[in-house]
Amino acid sequence: MIRKIVEHPDPVLRKMCDPVDRFDDMLTALADDMLETMYDAPGRGLAAPQVGITRRMFVMDVTWKEGRRSPMVFVNPQITAVSAMTASREEGCLSIPGDLTSVTRPASVRMCWQDLQGTEHSEEFTGFAAACVQHELDHLNGVLCIDYRKDEHAG
C-alpha cells in the first residue's frame, strides 16, 4: 500500500524515533508499504517518520533507477565507523520536495542493523549509498538535510 509522505515542517520529522522491538508481520507489512511508497515517489530511500511512524527503520534502493532493483530494509541501524575522508553532494528529500541541499558527509561508513527477522548485519557503504544511509539515519534522529545548510548571514 502506498502511504502518504509526511512533508516538512510536520513535527513528526523532528522526533527521535524509538527502537523496533517486535519483529512480526506488522513490521514486514510496514517495510513493504515503505518500499512501495519509495518506488512510487520516486525516491531511493525512505525512513519510517516520513510515513508518520516514529520507529528506527528505513528502506533504501540506490540502484533501481538504473534498472536493477536491490531493496534493503534497515531496522535499528547504527553507524559504527566513519572515514576521515568526506564527500559533498546535492541531497534531495521526499519530505522536502523540490529543494536540494549541499551536504558534506563521511565518504564511507560502516553500519550495523537488523533485518525483518531481527538478524544482525554489518556492511561498509561508499559513494552514493554512504550518503543515502546517513541521510536516512538522520531522519530517525529528527535531523533533516536542510539542517546542514550553512548560515548565509554568519560572520
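For the structure itself, look to the data block above.
To keep things clear, this report deals only with the structure shown in the data block. Treat the numbers as computed from the prediction; the structure is a model and nothing was measured.

**Describing the state of the cysteines**
Here is step 1: Evaluated as defined, the whole model comprises zero disulfides.
Here is step 2: Here Cys 112 is not cross-linked by a disulfide; its sulfur's nearest cysteine counterpart is in Cys 132, at 18 Å.
Here is step 3: The structure places no disulfide on Cys 132, whose sulfur is separated from the nearest cysteine sulfur, that of Cys 93, by 10 Å.

**Regarding helix 1 (residues 25–40)**
Here is step 1: In a regular helix each residue adds 1.5 Å, so 16 residues correspond to 22 Å; helix 1 covers 22 Å between its end C-alpha atoms and thus fits that length.
Here is step 2: Within helix 1, burial applies to Leu 27, Leu 30, Ala 31, Asp 33, Met 34, Leu 35, Thr 37, Met 38 and Tyr 39.
Here is step 3: The inward-facing, buried residues of helix 1 abut strand 1 (45–47), strand 2 (57–60) and strand 3 (72–82).
Here is step 4: Two or three places before Met 26, at the opening of helix 1, Asp 24 has a side-chain oxygen 3.2 Å from that residue's backbone nitrogen.

**Let's talk about empty space enclosed by the protein**
Here is step 1: Inspection of the entire model under this criterion finds one cavity of 30 Å³ or more.
Here is step 2: One number sums up the size of the largest cavity: a volume of about 50 Å³.
Here is step 3: For the lining of the largest cavity, the secondary-structure elements that each account for two or more residues are strand 4 (86–93), strand 5 (96–106) and helix 2 (127–140).
Here is step 4: Looking at which element gives the most residues to the lining of the largest cavity, the answer is helix 2, with four residues.
Here is step 5: The residue inventory of the lining of the largest cavity, partitioned by class, reads six nonpolar, two polar and three charged.

**What about the pattern of salt bridges?**
Here is step 1: Here the structure, examined in full by the defined rule, presents eight salt bridges.
Here is step 2: Two residues, Arg 105 and Glu 91, come together in a salt bridge whose shortest N-O distance is 2.6 Å. Of this pair, Arg 105 sits in strand 5 while Glu 91 is found in strand 4, placing the two residues 14 residues apart along the sequence. Each member of the pair, Arg 105 as well as Glu 91, is classed as buried.
Here is step 3: One network of salt bridges, in which partners are shared, links Glu 91, Arg 105 and Asp 138.

What counts as what
- Residues numbered from 1 in each chain as written.
- Predicted model: local features only at pLDDT ≥ 70, side-chain atom pairs only at ≥ 80, totals over all residues.
- Heavy atoms only, no water.
- Disulfide = S-S within 2.5 Å.
- Helix = DSSP H or I, 4+ residues; strand = E, 2+ residues; numbered from the N terminus.
- Expected span 1.5 Å × (residues − 1).
- Buried < 20%, exposed > 50% of the residue type's maximum accessible area, 1.4 Å probe, protein only.
- Contact = heavy atoms within 4.5 Å.
- Polar contact = N/O pair within 3.5 Å; in protein donor to acceptor, adjacent residues only side chain to side chain.
- 1 Å grid on protein atoms, 1.4 Å probe; cavity = no way out; pocket = protein on both sides within 12 Å on 5 of 7 lines; lining within 4 Å.
- Points joined across faces, edges and corners; volume = space filled by probe spheres on them.
- Nonpolar A, V, L, I, M, F, W, Y, C, P; charged D, E, K, R; others polar.
- Salt bridge = Lys/Arg side-chain N within 4 Å of Asp/Glu carboxyl O.

Honestly, it's all geometry; don't read function into it.
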